[in-house]
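Spelled out, the chains give:
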Amino acid sequence: MNASLRHALFATATGVALAASPDARSQGCMAIRSPGACTLPGIGQLQEHPPMSPWQVSLAYRYLNADRYFSGSDELPMEPGSQVINTIHSFDILATYSPTPRINLSVDLPIIYAERTTRHEHMGMGGPQFTTRAAGIGDLRVTADYWLRDPAQHPKANLSFGLGVKPPTGSDDEEDDFHQPGGPVRRPVDVAIQPGDGGWGIIFQTAGYWQLTDRLFTYLNGMYLMSPKEFNNTASFSAPGSPNNDDVNSVPDQYLGRGGFSYALWPEQGLSLSLGGRLEGIPPHDAVGGDGGFRRPGFIVSIEPGLSWMKGKNTLSLTAPVALLRNRQRSATDEITGGHGDASFADFLLFFTYTRQF
């Protein structure tokens, strides 16, 4: 593989992997807080010219606007002015250090600004819409990844596995004013726009690539966040005495899977295109710990096109996952009561990432 193709592979892999976040870090009403700048660290070691620095820093931005409501996979009709709208802007600062070509240590700090516009949380379904807001740092993520083979010796195919921890650095009880007939009431905002979830988490992740032809590559990413804590003490909008402790928010597990193809469109200029599939969600039941507390489980299946460009030690990437299937699954509480809750979802996400090698 010549140097220009190595450049293109690094740009492609960095671009598609940095878009791995579901990030606010939510997907509409579902409070998905997956890594905001999930990289394929170490893949830049495939470059021969110039030598790869052990340090890499990325700045990632993510945007979503969720205003379509689903129960199961069925969309619920909503009149204009009655739907719930979640708009989320999130920024991730990711630093990766590679003490060896096969080991990568990363720290990801998210910063979040989110708005939620509703009317049922304020004056009721017959009243006007109002907006609540939350902002601040999210939950930090510290991970370590290990490539099974030396990337410098095996540039055409490799697989890494990673393990990490997520401390509860983000606030899970941000408050705002809710308009009520008797006057404003200050209380915690909905879990969908809270910067953090209030619990520690264990991160399991994997990443890989395989060169199929001179210019065509396939890639994969996978992540599962296991949250042993059952629920936090932040009040939800469920009434006191709700079954399964639904009057406080759950600390749920989360998952993400991505895979597809990337093509070195213009290797000499580091320009690459990618197209893949994306699955992300919150399971109804956690792998470890109880399922109590209020949660909106569900998943989203998207098609994920991307574009990346690399020049020297700088890489720019843009991806825009477009939802094909949205499913608000039944929660543990729904299974008890026989109900089936709903949630708002976005039609698409936007990820923009800048990466600099040092």
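Above this text is the structure in question.
Model, not experiment: these values are computed from the prediction. (Residues numbered from 1 in each chain as written. Predicted model: local features only at pLDDT ≥ 70, side-chain atom pairs only at ≥ 80, totals over all residues. Heavy atoms only, no water.)

1. A short note on the overall build of the protein
Helix and strand counts for the protein come out as two helices and 19 strands. The burial tally for the protein puts 55% of its 358 residues in the buried class. Once local pairs closer than 6 in sequence are excluded, the contacts in the protein between residues at least 24 apart make up 70%. Total accessible area on the protein stands at roughly 13,700 Å², and carbon and sulfur atoms take up 62% of it. (Helix = DSSP H or I, 4+ residues; strand = E, 2+ residues; numbered from the N terminus. Buried < 20%, exposed > 50% of the residue type's maximum accessible area, 1.4 Å probe, protein only. Contact = heavy atoms within 4.5 Å. Areas by Shrake-Rupley, 256 points an atom, 1.4 Å probe, with all protein chains shown as cover.)

2. Details of the environment of Leu163
You can see Leu163 is positioned in strand 7 (residues 157-166). For the pair Leu163 and Val142, spaced 21 residues apart in the sequence, the C-alpha separation amounts to 8.6 Å. Once residues within four sequence positions are removed from consideration, Leu163 is found in contact with Val142, Thr143, Ala144, Ile202, Ile203 and Phe204.

3. Remarks on a nonpolar patch on the surface
On the surface, a nonpolar cluster with roughly 920 Å² of combined accessible area is contributed by Leu275, Ile303, Trp309, Leu316, Leu318, Val322, Leu324, Leu325, Phe348, Leu350 and Phe352. Within the residue set of the nonpolar patch, elements represented by two or more residues are strand 16 (298-311), strand 17 (314-319), strand 18 (322-328) and strand 19 (343-357). Of note, Leu325 is situated in strand 18. (Patch = residues over 30% accessible without salt bridge, like charges linked within 9 Å, V, L, I, M, F, W, Y side chains within 5 Å. Salt bridge = Lys/Arg side-chain N within 4 Å of Asp/Glu carboxyl O.)

4. Comments concerning the side chain of Thr87
Assignment of secondary structure puts Thr87 in strand 3 (residues 85-100). Engagement of the side chain of Thr87 in a polar contact is seen with the side chain of Asn65, the distance being 2.6 Å. Apart from residues lying up to four places away in sequence, Thr87 is in contact with Tyr63, Leu64, Asn65, Tyr113, Ala114 and Glu115. (Polar contact = N/O pair within 3.5 Å; in protein donor to acceptor, adjacent residues only side chain to side chain.)

5. Examining the pairing of strand 7
In terms of strand pairing, strand 6 (residues 141-147) meets strand 7 through six bridges, oriented antiparallel. When the sheet's bridge partners are listed, Val142 is paired in strand 7 with Val165. (Pairing = 2+ DSSP bridges.)

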